[in-house]
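Structure assessment
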Amino acid sequence: MKISAQGIAKKHLFFCLTDVLISGSINQKVSRAKVGKALSFLKGLEEKGLVELFLFSGRAEEKMRAKISENGLEKFFEPKRIFFITKEYIDSKEQVDKERHLANLDADHDFADEFFKQHLLKTMLEEGKIERGKTVVIGHDIWFDAFYTMRFAQVDFVLVESALSERNRSMPARIQGLNYAEVTESDMKRLVLGKYPKPDLRFLENYIFNRLKLELFQGGELDKITRLAQEKRAKG
């Protein structure tokens, strides 16, 4: 099947790295062969000027660049389209956010700034480097890659079902209304041709807000009230 520019629905493809293109804590069995075949197909389209392939990670370059090379991914992405956390990005944060970021790094050297992806997408949209309707994020986490993308960058996304997670914890059940894929040639072809249905984001929004309510009560006033009641009973 010959693909023309008129047939392309998604031109700007943003791939998350860990658990999507390379093995991670959620998806420990990423197939390099399947990923390579899928990216070779997309690279062929890019060489014809039909799509643009982007790769982004919320971690620092020195660590992730080695992983990209180890997994043979550098040949699929132009250097100017690979994005990592930089000192400039950290310095651009408000002071309190910068201090929080650095504290997280001190506590966990593998810390990933998940909002970085939204910052990058919004910046590129504002600068006219990508078009909102032709952009898609290929991720796996329902908070970082789905909900954040829906609320902030407001571009489409698909989730890699074999790596589905909730704040980097495995999530076995899918949420209704969203689009799921694997990084295979057939699924990537469906994606660029716009063969996935329009997602119904109400289910995602309801799920996230219900989780937030639950966490608010568990860690907030309800816990406090329960604890005080227990202390009162203990005193007789």
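Just above, that's the structure.
Reference entry: report on the structure contained in this document. Please read these numbers as outputs of a predicted model, since none were measured by experiment.

Considerations on the pairing of strand β3 (residues 82–85)
Pairing analysis gives three bridges linking strand β2 (residues 52–60) to β3, with the strands arranged parallel. By the bridge assignment, A60 is partnered in β3 with I85. Once you follow β2 into helix α2 (residues 61–70) and on to β3, the crossover reads as right-handed.

Overview of the environment of V183
Tracing the sequence through the fold places V183 in the loop between β6 (180–181) and α7 (185–192). Sequence separation of V183 and V20 is 163 residues, and the distance between their C-alpha atoms is 7.4 Å. The contact partners of V183, leaving out residues within four places of it in the chain, are F15, V20, L21, K34, V35, A38, V160 and M188.

Focus on the pattern of salt bridges
Considering all chains together, one arrives at 18 salt bridges under this definition. Across the pair R100 and D97 runs a salt bridge, and its minimum N-O distance is 2.8 Å. You can see R100 and its partner D97 sitting in helix α4 (residues 95–107), three residues apart, about one turn around the helix. Judged by relative accessible area, which is 31%, D97 ranks as partly exposed. The partner of E127 in a salt bridge is K129, with the nearest N and O atoms 3.0 Å apart. Taking relative accessible area as the criterion, E127 reaches 48% and is therefore assigned partly exposed. Here the salt bridges do not stand alone but share partners, grouping K43, E46, E52, E78, K80 and R81 into one network.

Parameters and conventions
- Positions within a chain are numbered from 1, following the residues in the order the chain's sequence is written.
- In view of the model being predicted, local features appear only for residues whose pLDDT reaches at least 70, and side-chain atom pairs are presented and counted only at 80 or more, with totals across whole chains, interfaces and linings using the full set of residues.
- Working from all heavy atoms in the structure, the side-chain values ignore hydrogens and water.
- Between any two strands, pairing holds if DSSP finds at least two bridges.
- Here a strand is any run of E in DSSP of at least two residues, a helix any run of H or I of at least four, and the numbering for each starts at the N terminus.
- We call a crossover right-handed when, viewed with both strands directed away from the observer, the connection leading from the first strand over the helix to the second proceeds clockwise.
- Whether two residues touch is decided by their heavy atoms; if any such pair falls within 4.5 Å, the residues are in contact.
- For this document, the term salt bridge refers to a Lys or Arg side-chain nitrogen within 4 Å of an Asp or Glu carboxyl oxygen.
- A simple rule labels every residue: compare its accessible area, found with a 1.4 Å probe on the protein chains alone, to the largest value its type can have, and call it buried under 20%, exposed over 50%, or partly exposed in between.

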